[in-house]
Amino acid sequence: MNGNFVDKRAIISPMTQPRYFALIPAAGVGARMGGVVPKQYGQIAGKALLQHVMETFAATPEIEHCYVVVSPEDSFIATLPAVPRTTILFCGGATRQVSVTQGLAAIATEVKPDDWVLVHDAARPGLTVELIVRLITAVAADPVGGLLALPVADTLKRSSEQGRALETVPRERLWAAQTPQMFRHAALLDALLKASAVTDEASAFEALGMQPRLVEGSPRNFKVTLPEDMLLAERYLKGSA
Ligand code: C5P
């Protein structure tokens, strides 16, 4: 052993077009929602948040297969209707980063090193097929990868510990990151294994000096975090927002 890791898949894989897979981390407890079920299982427009997301990926022809990462103790996923071309992986961990990393490791036999993986939060039910296709179209030829994000519109303040405005942070070229975040399987697994405590995939690449492409997302693709967010998400899904 000379210590150099060789990804054997790169040697045995025939030269084929990269494919697109979805990976949905859904192993969080959603503490800020304060509900009795984890927030990905909260109901909006008659379905669990996670169900909306799984169905959106299943309705996107470009997506080969969708993998959902839940906690090994998850007892809610079995209550959701099955979705075509979707597999549940019971390998979630203590943080989102661990859940994604373990999900990527679990699918390494089915996915080639250069296949793209679109990682999407279960808590963003406003995702549409059009947004997925927009991301794929913009990033498919990119050497690094990319993510949906929104230019920041508000004036930003940094606060003191006492909740007083200390300074205004210039908002030029500031974006709020969304998901999906799309990277090649082997590169993403490697970046996440090297990264310390990141809250999204793009930061793991930034830490390695790479610059993921920013692709304009949509306000409807916001992350449901607080109980009142459920109403807004429902309005987007019913087309009334
Ligand atoms: O908690 P937060 O809203 O940031 O979580 C974002 C996504 O990551 C959610 O879909 C959540 O279920 C998932 N997650 C996970 N494993 C964890 C924590 C969060 O899969 N340990």
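Quick note: structure is the one above.
All of these numbers come straight from a predicted model, not from anything done at the bench. (Residues numbered from 1 in each chain as written. Predicted model: local features only at pLDDT ≥ 70, side-chain atom pairs only at ≥ 80, totals over all residues. Heavy atoms only, no water.)

1. So, the site of the ligand
Taken together, the neighbourhood of the ligand is formed by 15 residues, with Pro25, Lys39, Gly93, Ser99 and Lys223 sitting nearest. Within the contact set of the ligand, an oxygen atom lies 2.8 Å away from a backbone nitrogen or oxygen of Ala27. Ala122 is positioned such that a nitrogen or oxygen atom in its backbone is 2.9 Å from an oxygen atom of the ligand. Burial of the ligand by the protein amounts to 85% of the accessible area it has alone, namely 460 Å². Partitioned by chemical class, the residues of the shell around the ligand number six nonpolar, five polar and four charged. (Near = heavy atom within 4 Å. Polar contact = N/O pair within 3.5 Å; in protein donor to acceptor, adjacent residues only side chain to side chain. Areas by Shrake-Rupley, 256 points an atom, 1.4 Å probe, with all protein chains shown as cover. Nonpolar A, V, L, I, M, F, W, Y, C, P; charged D, E, K, R; others polar.)

2. Details of the packing of aromatic side chains
Enumeration according to the criterion identifies four aromatic pairs in this entry. Taking the centre distance of 4.1 Å and the plane angle of 10° together, the rings of Phe183 and Phe205 count as stacked. On the criterion of sequence distance, the pair formed by Phe183 in strand β10 (residues 175-184) and Phe205 in helix α6 (residues 201-206) is long-range, its members being 22 residues apart. (Phe/Tyr/Trp six-rings, centres within 6.5 Å; stacked < 30°, edge-to-face > 60°. Helix = DSSP H or I, 4+ residues; strand = E, 2+ residues; numbered from the N terminus.)

3. Thoughts on the packing of helix α3 (residues 96-106) against helix α5 (residues 185-194)
It is at 10 Å that the axes of α3 and α5 come closest, and there the two elements cross at 140°. As far as their axial angle goes, α5 and α3 are oblique. Here the hand of the crossing between α3 and α5 comes out left-handed. Residues Gln97, Val100, Thr101, Leu104 and Ala105 of α3 touch α5, and the partners they reach there are His185, Leu188, Leu189, Leu192 and Leu193. (Axes fitted to C-alpha atoms, helices over the stretch in contact; angles between N-to-C directions. Parallel < 35°, antiparallel > 145°, perpendicular 65-115°, else oblique. Left-handed = near helix turned anticlockwise from the far one by under 90°. Contact = heavy atoms within 4.5 Å.)

4. Here we look at unusual backbone geometry
A cis amide bond links Thr179 to the next residue, Pro180, at an omega of 10°. Inspection of the secondary structure puts Pro180 in strand β10. At Ala45, a position not held by glycine, the phi torsion is positive, near 45°. Along the chain, Ala45 falls in the loop between β2 (43-44) and β3 (47-48).

5. Examining the nonpolar core
One finds Ile24, Leu50, Phe57, Ile63, Val68, Leu118 and Met182 to be the most contacted residues of the largest nonpolar core, which totals 29 residues. Of all the elements, helix α4 (residues 129-139) adds the most residues to this core, at five residues. Not counting chain neighbours up to four residues away, the residues in contact with Leu118 comprise Tyr20, Phe21, Ala22, Leu23, Ile63, Ile132, Leu135, Ile136, Pro180, Gln181 and Met182. If you look at the next biggest cluster of nonpolar residues, it comprises 25 residues, including Val100, Leu104, Leu188 and Phe205. (Core = buried A, V, L, I, M, F, W, Y, C linked by side-chain atoms within 4.5 Å. Buried < 20%, exposed > 50% of the residue type's maximum accessible area, 1.4 Å probe, protein only.)

6. Brief notes about the environment of Ala48
Position of Ala48 relative to the elements: it lies in strand β3. When neighbours within four sequence positions are excluded, Ala48 is seen to be in contact with Gln40, Tyr41, Gly42, Gln43 and Leu80.

7. Some points on the side chain of Thr56
Looking at the element boundaries, Thr56 is found in helix α2 (residues 49-58). With a relative accessible area of 13%, Thr56 lands in the buried category. Setting aside residues no more than four positions away along its own chain, Thr56 makes contact with Leu127, Thr128, Val129 and Ile132.

8. What to know about the pairing of strand β8 (residues 156-159)
Where β8 meets strand β9 (residues 165-169), four bridges bridge the pair, whose relative direction is antiparallel. For Ser159, the partnering residue across the bridge sits in β9 and is Ala165. Here β8 folds back onto β9, and the loop between the two strands holds five residues, one of which, Gly163, carries a positive phi near 80°. (Pairing = 2+ DSSP bridges.)

9. Regarding the side chain of Thr225
With respect to the helices and strands, Thr225 occurs in the loop between β11 (213-216) and α7 (229-237). Among the residues examined, Thr225 registers a relative accessible area of 14% and is labelled buried. A distance of 3.2 Å separates a polar side-chain atom of Thr225 from the backbone oxygen of Lys223.

10. Concerning the sheet that holds strand β7 (residues 145-151)
Within a sheet, neighbouring strands are paired by backbone hydrogen bonds and run either parallel or antiparallel to one another. One open sheet accounts for seven strands, arranged β5-β4-β1-β6-β10-β7-β11; its pairing is mixed. The open sheet has two free edges, formed respectively by β5 (86-89) and β11, since each of these has just one partner strand. Across the sheet, the axes of successive neighbouring strands diverge by a mean angle of 25°, strand direction being ignored. The pairing of strand β1 (residues 20-25) with strand β4 (residues 63-69) spans six bridges and is parallel. Across the sheet, Leu23 pairs through a bridge with Tyr67, a residue of β4. Where α2 meets the sheet, it contacts β1, β4, β5 and β10, and its direction lies at approximately 175° from that of β1.

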